[in-house]
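These are the residues of each chain, in order.
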Amino acid sequence: MATIKDIAKITGCSVMTVSRALNNPELIKEETRKKILAASESLGYVQNRGARALVKGCTFNICVYIPASLEATETFVAQTVSSIGEQLGKRGYSLSLCRNVASEHHFDGVIAVGLHIEDEDEFIALSKEKPAVLYGNSEKFTNWVDVDNYRGLYKITELVLGKGHKKIAYIGMNHHARHVVQRKQGFLDALAAHSVTPSEDMIISTTNSEQAGFDACEQLLESSRPTAIVCSTDLIAVGCMHALQRRGISVPDGIAVTGFDGFGYENTVFPKLTTVKQPLYEAGVRLADAVINIINGKRQQDGIYIEPEIKNGESV
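Draft legend 1. Here's a closer look at the sheet that holds strand β8 (residues 228-231). One open sheet accounts for four strands, arranged β7-β6-β8-β9; its pairing is parallel. Looking at which strands have only one partner, the edges of the open sheet turn out to be β7 (203-206) and β9 (256-258). Across the sheet, the mean angle from the axis of one strand to that of its neighbour is 15 degrees, orientation sign disregarded. One ladder, built from four bridges, connects strand β6 (residues 168-173) with β8; its direction is parallel.

In structure tokens:
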């Protein structure tokens, strides 16, 4: 069985350098780390996690907390957790999904995904006992990583405005979360920057589903006739497009439609939906790195925003 000494021998590095590369990679130059990892893989080296845990007094396990309101099979959750798990694995940690953080003690740190605003105080209290990172921005502490929802909605609204649209409607979500508020504000601020004032009857809030998007679009068309509809999620946008097509209104010639998320639903409709793609993989990597950095004594000075990109379809 291969040992750290074997890796040191073929790489020309010291045993201490190899140990640091495997256990504390942030202390090693990237080029050296890659050389050591390649050598360990070629030798079939397997770290003894139990021995590491005894020496360092930790479990090398990270809890990923998901509230009961989110299904683990939802695309957002599944893709995020997958990328977190992959990055944790690269850095020698395992992952456990938790629904109740308070009753779980066998972890070195916790990452919260989909936390509600009203649960932040409890999470902050936990962060004083365990290294903790939040997926989602917070005004109360800095250990967070988030997609810049405000900027994403602002950019896609500017795209719609750039096509000459002035009568623009908005169908948003109605639950209590920061990203919901920030997406709507991005829409309103983009309109204001172009001196466009939306009418109240062209701003609707609903749940995040195709049926809700369909019903909201029907409601919208009963009271007004926008030339474009900006939706806060792709599911809502898909439902909206179905409602327009049922009425014989073409997209985008009759009414343009945009979404937000880029989880794959944008490819299920014709024409393909123009949307804002969330960089979930990058977010997962940043979350995993952030919690491990805190475990190693390096705390963030500021929260981390990741800017999403517009994925052009044919719906605008």
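Moving on from the coordinates now.
Draft legend 2. Just helix α6 (residues 120-127), in detail. Considered for burial, the residues of α6 that qualify are Glu120, Phe123, Ile124, Leu126 and Ser127. Seen along its axis, α6 keeps its buried residues to an arc of 155 degrees; they face one direction. On its buried side, α6 packs onto β3 (109-113), β4 (132-135) and α8 (178-193).

Draft legend 3. Inspection of the packing of helix α1 (residues 4-11) against helix α3 (residues 30-43) at higher detail. As a packed pair, α1 and α3 sit with axes 9 Å apart at the nearest point and diverge in direction by 120 degrees. The pairing of α1 with α3 is recorded here as oblique in orientation. In this structure, α1 meets α3 at a crossing whose hand is right-handed. Where α1 approaches α3, its residues Asp6, Ile7, Ile10 and Thr11 are matched on the opposing element by Lys35, Ile36, Ala39, Ser40 and Leu43.

Draft legend 4. Representation of the state of the cysteines within the structure. Applying the stated rule across the entire model yields one disulfide. The disulfide partner of Cys63 is Cys98, and the gap between their sulfur atoms is 2.4 Å. Remark: Cys98 occurs in strand β2 (residues 94-98) and Cys63 occurs in strand β1 (residues 61-65); sequence separation between them is 35 residues. Across the pair, exposure class does not vary: Cys63 and Cys98 are buried alike. You can see Cys231 has no disulfide; the closest cysteine sulfur is in Cys240, sitting 4.5 Å from it. In this model Cys240 remains outside any disulfide bridge; the closest cysteine sulfur is found in Cys217, 3.4 Å from its own.

Draft legend 5. Inspection of the nonpolar core at higher detail. Formed by 28 residues in total, the largest nonpolar core has its most connected members in Ile84, Leu88, Ile111 and Tyr135. Of all elements in the fold, only β1, α5 (75-90), β3, β4, β5 (144-147) and α11 (280-295) reach the threshold of two or more residues within this core. Counting residues per element, this core draws most heavily on α11, at eight residues. The contact partners of Leu88, leaving out residues within four places of it in the chain, are Ile62, Tyr93, Ser94, Leu95, Ala288, Val291 and Ile292. Ala177, Met241, Leu244 and Ile249 belong to the second-largest nonpolar core, a separate cluster that totals 27 residues.

Draft legend 6. How the structure looks around the pattern of salt bridges. Summed over all chains, the structure comprises 13 salt bridges. Taking the shortest distance from any N to any O, the salt bridge between Arg178 and Glu139 comes out at 3.7 Å. Remark: Glu139 occurs in the loop between β4 and β5 and Arg178 occurs in helix α8; sequence separation between them is 39 residues. Classification of Glu139 as exposed rests on a relative accessible area of 70%. Among the ionic pairs, Glu307 bridges to Lys155, the shortest N-O distance being 3.2 Å. Pair noted here: Glu307 is in the loop between β11 (304-306) and β12 (309-311) and Lys155 is in helix α7 (residues 149-162), with a separation of 152 residues, a long-range link. Classification of Lys155 by relative accessible area gives partly exposed; the value is 21%. Residues joined in a network through salt bridges with shared partners are Glu120, Glu139 and Arg178.

About the thresholds
Residues numbered from 1 in each chain as written. Predicted model: local features only at pLDDT ≥ 70, side-chain atom pairs only at ≥ 80, totals over all residues. Heavy atoms only, no water. Pairing = 2+ DSSP bridges. Helix = DSSP H or I, 4+ residues; strand = E, 2+ residues; numbered from the N terminus. Axes fitted to C-alpha atoms, helices over the stretch in contact; angles between N-to-C directions. Buried < 20%, exposed > 50% of the residue type's maximum accessible area, 1.4 Å probe, protein only. Arc of directions from axis to C-beta. Contact = heavy atoms within 4.5 Å. Parallel < 35°, antiparallel > 145°, perpendicular 65-115°, else oblique. Left-handed = near helix turned anticlockwise from the far one by under 90°. Disulfide = S-S within 2.5 Å. Core = buried A, V, L, I, M, F, W, Y, C linked by side-chain atoms within 4.5 Å. Salt bridge = Lys/Arg side-chain N within 4 Å of Asp/Glu carboxyl O.

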